[in-house]
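Summary of the model geometry
Here's the letter readout for the chains.
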Amino acid sequence: MTSIITGVVIASRDHKETDRFYTLYTRERGKLQIMGKGTRKFQSKLAAHMQPFTELQVMIAHGKMWPKLASVERWTDFTRIREDLQLFGLGLGLNELLYRAIGEQEPDEKLYDFLIDAYSWIQTLPELEPQRLQFVHSALTLKWLVMIGFGPHCDACVSCHTTHSEIADPHITVSHGGLVCHTCVIERRSQFSDARRVSVELLAALRFMSNAPFESLLTGQLDPLLELLIDIQDEFIHYHLDRDLRVPVFLDQIVRQII
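Residues numbered from 1 in each chain as written. Predicted model: local features only at pLDDT ≥ 70, side-chain atom pairs only at ≥ 80, totals over all residues. Heavy atoms only, no water.

Turning next to helix H4 (residues 109-122). The first and last C-alpha atoms of H4 sit 20 Å apart over 14 residues, in line with the 20 Å expected at 1.5 Å per residue. Every buried residue of H4 is listed here: Leu111, Tyr112, Phe114, Leu115, Ile116, Ala118, Tyr119, Trp121 and Ile122. Check the buried side of H4 and you find it contacts strand S1 (2-15), strand S2 (19-26), strand S4 (54-62), helix H2 (79-83), helix H3 (85-101) and helix H5 (130-147). Among the residues of H4, the N-terminal cap falls to aspartate 108, whose side-chain oxygen and the backbone nitrogen of lysine 110 are separated by 3.1 Å. (Helix = DSSP H or I, 4+ residues; strand = E, 2+ residues; numbered from the N terminus. Expected span 1.5 Å × (residues − 1). Buried < 20%, exposed > 50% of the residue type's maximum accessible area, 1.4 Å probe, protein only. Contact = heavy atoms within 4.5 Å. Polar contact = N/O pair within 3.5 Å; in protein donor to acceptor, adjacent residues only side chain to side chain.)

Below is the structure:
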């Protein structure tokens, strides 16, 4: 029995002497691990197509233990992401989020479309200044967090549901996923012990970023808040994943080379 799926390679690992496991994020089945028999061989035709940052149509054969790679056809190849170190870091950041934080076979077409759209946009980017590079990575991560339901949700207080426009002294709570008003922080100190006060401008920036088009991340209107926005993204990622990601370290190394 075979199936045809559409997806991208987000990770791979060698197996035995000639085989390789590929982790794909697919439109139809979410994250899926398949075995590529013989794809470590130099002459393997399938291996040449199984590269990251390429949208693929893959035929898989259902085996007793693992789905096996039967054939592959390239659809959209985001070549420039593989060729430019900055862009590679941004694309790798999205792949790492999917690999580490999404469960097996949990399909989400909106998340898949977000990934492909993000690849398409990243491929068009010019060379970025160091802080802008780190901010773009953080902004893409924040968009991803909102999409999968981890927040930060900033339209209303997570406790009393007062709308953001009626909150004069906003706070952000990582453990509860977003905006909380000052009244709820005071009345429920133990529940919102991690809440931190933020400015109305920062709250507006968080709301804007969650739904704004990718192109808006290159404008100068958010420049005064870049460091604060990066810090908030770091807090949410560390809380929800409970582990350090490798890509921010990689991007920091790129930034040091630029500086």
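Next comes the rest of the write-up.
What follows concerns unusual backbone geometry. The omega angle of the peptide bond from glycine 151 to proline 152 is 10°, so this bond is cis rather than trans. One can find proline 152 in the loop between H5 and strand S6 (171-173). Positive phi is not limited to glycine here, since histidine 161 has a value of about 65°. Position of histidine 161 relative to the elements: it lies in the loop between H5 and S6. For histidine 161, a relative accessible area of 58% corresponds to the exposed category.

This paragraph deals with the environment of arginine 256. Looking at the secondary structure, you find arginine 256 in helix H9 (residues 247-258). Note: C-alpha distance between arginine 256 and proline 130 (126 residues apart in sequence) is 8.2 Å.

Here we take up the pairing of S1. Pairing of S1 with S4, which is carried by 6 bridges, proceeds in the antiparallel orientation. What sits directly across from isoleucine 4, in S4, is methionine 59. As paired strands, S1 and S2 are joined by 8 bridges and run antiparallel to one another. By the bridge assignment, valine 8 is partnered in S2 with tyrosine 25. Hairpin remark: S1 followed by S2, antiparallel, with 3 residues in the connecting loop; positive phi at lysine 16, about 55°. (Pairing = 2+ DSSP bridges.)

Helix H8 (residues 226-241) packs onto helix H7 (residues 200-211) with a crossing angle of 65° between their chain directions and a minimal axis gap of 11 Å. In terms of axis orientation, H7 runs roughly perpendicular to H8. Considering the relative orientation of H7 and H8, their crossing is right-handed. Only Leu228, Leu229 and Ile232 of H8 make contact with H7, whose side of the interface consists of Leu202, Ala205, Leu206 and Met209. (Axes fitted to C-alpha atoms, helices over the stretch in contact; angles between N-to-C directions. Parallel < 35°, antiparallel > 145°, perpendicular 65-115°, else oblique. Left-handed = near helix turned anticlockwise from the far one by under 90°.)

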